[in-house]
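# Structural characterization, general
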Amino acid sequence: MAGTAGRTSPKASTQEGNSTVTSPASLSENTSVAPWQRAASGANLLSADGSLGATIFEEMTTLAVSTGAINLGQGFPDEDGPAEIKAAAQAAITAGANQYAPGKGLPELREAIAVHQERFYGLSPDPQTEVIVTTGATEAIAASLLAFVEPGDEVLTFEPFYDSYGAIIGLAGARHVTAPLLAPGFLPDMDAMESAFSERTKVVLLNNPHNPTGAVFPREVLERIVGLARKYDAVILSDEVYEHLTFGVQHLPIAGIPGAAERSVTISSAGKTFSFTGWKIGWLSGPAHLVAAIRTVKQFLSYSSGTPFQSAIATGLALPDEFYTGIASALQHKRDILAEGLRAAGFGVYTPRGTYFINVDTAPLGISDSVDLARRLPELVGVAAIPVPVFCHPEGAERTRSLLRFAFCKRTEVLEEAAARLATLRDKL
């Protein structure tokens, strides 16, 4: 059940006298409360008294601004992507591509997505019936969950989990079940994962490469997920937005695992690959019957968006292999710059195999509460981070209570300065 760890003061359900205090843990599954409350509860935005609070992201950003700290909390780049993609968008705007795109997305982008899946993974979705363009991966996830999930169903995610997952699961009135990802590799405990499945499991929502841990799931883990999804007849939603941002390991889409294709929907976006997060161009692919169901919901959310950006992203997907290997190599170098500063600070550093993010353990510094340290860091050393417990239910928040997440998708000179500042932390505690 959803907890309250995403707020700045995590609390679990409690007993006061003879009366039960209903925490947000129960709200996400309670269809008698307002939908917005279920969504907020699922994203850990409600306190135990039901009041709506600010997210830790907002709090950390405010602290970073007020102290002049380098904000390594939120995961967005601070520089633009390829010039040729920007030029393509500008040309599309000038040429008049400024009205609604088709609800499925521009044909040229759908075709480019299909070619991309064949080029990198040997998958061959039909661009006419098995691909749709969405307003970012977030809409793809929301439309998919709302298409397949209803009250009484269970949705399984891995924990820590991206907060929008909990929000949409709560909005749908479903039960959010989690399987833990365990340090140092942040891979699932296989027995715990199997125990998390049940006859009510309707959807397995996978994030691979994984935010916030930076894990990249190997074939044996994906095969186990597919086997369990088949056993319980669950749909697999695979959020793969960091697919090209892996370090020394190849991303393997779960749709390529034998037995997965007929039940898997693969989701990605242009934001992370091309560093155009503000364009909100995402997509999904999968079997025609699943894609049709998702499109039925999606067309009543945004219908379509980003017409000139869609054609520009089609240009981006056709970039040569050197571009894709280059962005991963450059990001790995940035990861290593920040990791050096974090080690010098005295943290235990978990080196990620993918994504924008690096996680550290504060315990070697004698600190067990990462939420408290996150609040102090901007003033102490001028760097802001996000505590990992905000991505968890109460039990998971306790398990990860000493972990912090830093984003390294920033300019090299910014990361070098952040690393230098972090290296002074031990002397300032």
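Note that the coordinates shown come from a computational prediction; the quantities given were computed from them, not determined experimentally. (Residues numbered from 1 in each chain as written. Predicted model: local features only at pLDDT ≥ 70, side-chain atom pairs only at ≥ 80, totals over all residues. Heavy atoms only, no water.)

## Here we look at the sheet that holds strand β15 (residues 386–387)
Read from one edge of the open sheet, 4 strands run β12-β13-β16-β15, paired in antiparallel fashion. The sheet terminates laterally at β12 (348–350) and β15, the two strands that pair on one side only. Where strand β13 (residues 357–361) and strand β16 (residues 403–407) come together, 5 bridges link them in antiparallel fashion. Bridge pairing in β16 places phenylalanine 357 opposite alanine 407. (Pairing = 2+ DSSP bridges. Helix = DSSP H or I, 4+ residues; strand = E, 2+ residues; numbered from the N terminus.)

## Observations regarding the sheet that holds strand β5 (residues 154–159)
One open sheet holds the 8 strands; their spatial order is β4-β11-β10-β9-β8-β5-β6-β7, and the pairing between them is mixed. Two strands in the sheet have a free side with no partner beyond their single neighbour: β4 (131–135) and β7 (187–188). Of the strand pairs in this sheet, β5 and strand β6 (residues 175–182) are connected by 6 bridges, and their pairing is parallel. Paired with glutamate 154 across the bridge in β6 is arginine 175. Of the strands in this sheet, β4, β10 (264–269) and β11 (281–285) touch helix α5 (residues 107–121), which is tilted by about 110° from β4. Together, β4, β5, β8 (201–207), β9 (235–239), β10 and β11 form the strand contacts of helix α6 (residues 136–148), whose direction differs from that of β10 by roughly 155°. (Contact = heavy atoms within 4.5 Å. Axes fitted to C-alpha atoms, helices over the stretch in contact; angles between N-to-C directions.)

## Quick word on the packing of aromatic side chains
Scanning the model with the defined rule gives 18 aromatic pairs in all. With a centroid separation of 5.1 Å and an interplanar angle of 80°, the aromatic rings of phenylalanine 323 and tyrosine 324 are classed as edge-to-face. The pair formed by phenylalanine 323 and tyrosine 324 is uniform in burial state, with each residue classed as buried. Between tyrosine 356 and phenylalanine 357, the aromatic rings sit 6.1 Å apart at their centres with planes inclined by 70°, giving edge-to-face as the arrangement. An aromatic cluster is defined as three or more aromatic residues linked by ring pairs; in this entry it consists of Phe120, Tyr121, Phe274, Phe323 and Tyr324. Seen from the ring of phenylalanine 357, arginine 405 lies directly overhead, with NZ or CZ sitting 3.7 Å from the centre. For lysine 410, the ring lying beneath its charged end belongs to phenylalanine 76, and the centroid distance is 4.0 Å. (Phe/Tyr/Trp six-rings, centres within 6.5 Å; stacked < 30°, edge-to-face > 60°. Buried < 20%, exposed > 50% of the residue type's maximum accessible area, 1.4 Å probe, protein only. Lys NZ or Arg CZ within 6 Å of the ring centre and 35° of its normal.)

## Points about the environment of alanine 137
Tracing the backbone through its elements, the reader meets alanine 137 in helix α6. With 133 residues separating them along the chain, alanine 137 and alanine 270 place their C-alpha atoms 8.8 Å apart. Beyond its immediate chain neighbours, meaning those up to four positions away, alanine 137 contacts Val241, Ile267, Ser268, Ser269 and Gly282.

## Section: the packing of α6 against helix α7 (residues 163–171)
Their axes nearest at 9 Å, the elements α6 and α7 cross at an angle of 30°. Classed by the angle they form, the pair α6 and α7 counts as roughly parallel. Crossing handedness for the pair α6 and α7: right-handed. The segment α6 lies against α7, with Thr138, Ile141, Ala142, Leu145 and Leu146 engaging Ser164, Tyr165, Ile168, Ile169 and Leu171. Grouping the amino acids of the contact of α6 with α7 by side-chain chemistry returns 8 nonpolar, 2 polar and no charged. (Parallel < 35°, antiparallel > 145°, perpendicular 65-115°, else oblique. Left-handed = near helix turned anticlockwise from the far one by under 90°. Nonpolar A, V, L, I, M, F, W, Y, C, P; charged D, E, K, R; others polar.)

## Comments concerning the pattern of salt bridges
Overall, the coordinates contain 18 salt bridges when judged by the stated rule. Linking arginine 375 and glutamate 59 is a salt bridge whose minimum nitrogen-to-oxygen distance equals 2.9 Å. Of this pair, arginine 375 sits in helix α14 (residues 370–381) while glutamate 59 sits in helix α3 (residues 56–67); the two residues are 316 residues apart in sequence, bridging distant segments of the chain. With relative accessibility at 30%, the residue arginine 375 sits in the partly exposed group. Looking at glutamate 59, the relative accessible area reads 22%, which means it is partly exposed. One connected set of salt bridges, linked through shared partners, spans Asp78, Arg411 and Glu413. (Salt bridge = Lys/Arg side-chain N within 4 Å of Asp/Glu carboxyl O.)

## Thoughts on unusual backbone geometry
Proline 184 follows alanine 183 through a cis peptide bond whose omega is 10°. With respect to the helices, strands and loops of the structure, proline 184 is situated in the loop between β6 and β7. The amide bond that connects asparagine 211 to the next residue, proline 212, takes the cis arrangement and shows omega of 20°. Mapped onto the secondary structure, proline 212 falls in the loop between β8 and α9 (219–231). Positive phi, close to 55°, is recorded for lysine 280, a residue that is not glycine. With respect to the secondary-structure elements, lysine 280 resides in the loop between α10 (270–274) and β11. With relative accessibility at 36%, the residue lysine 280 sits in the partly exposed group. In this structure, tyrosine 303 is a non-glycine residue whose phi angle is positive, near 65°. Take tyrosine 303: it is sitting in the loop between α11 (288–298) and α12 (307–317).

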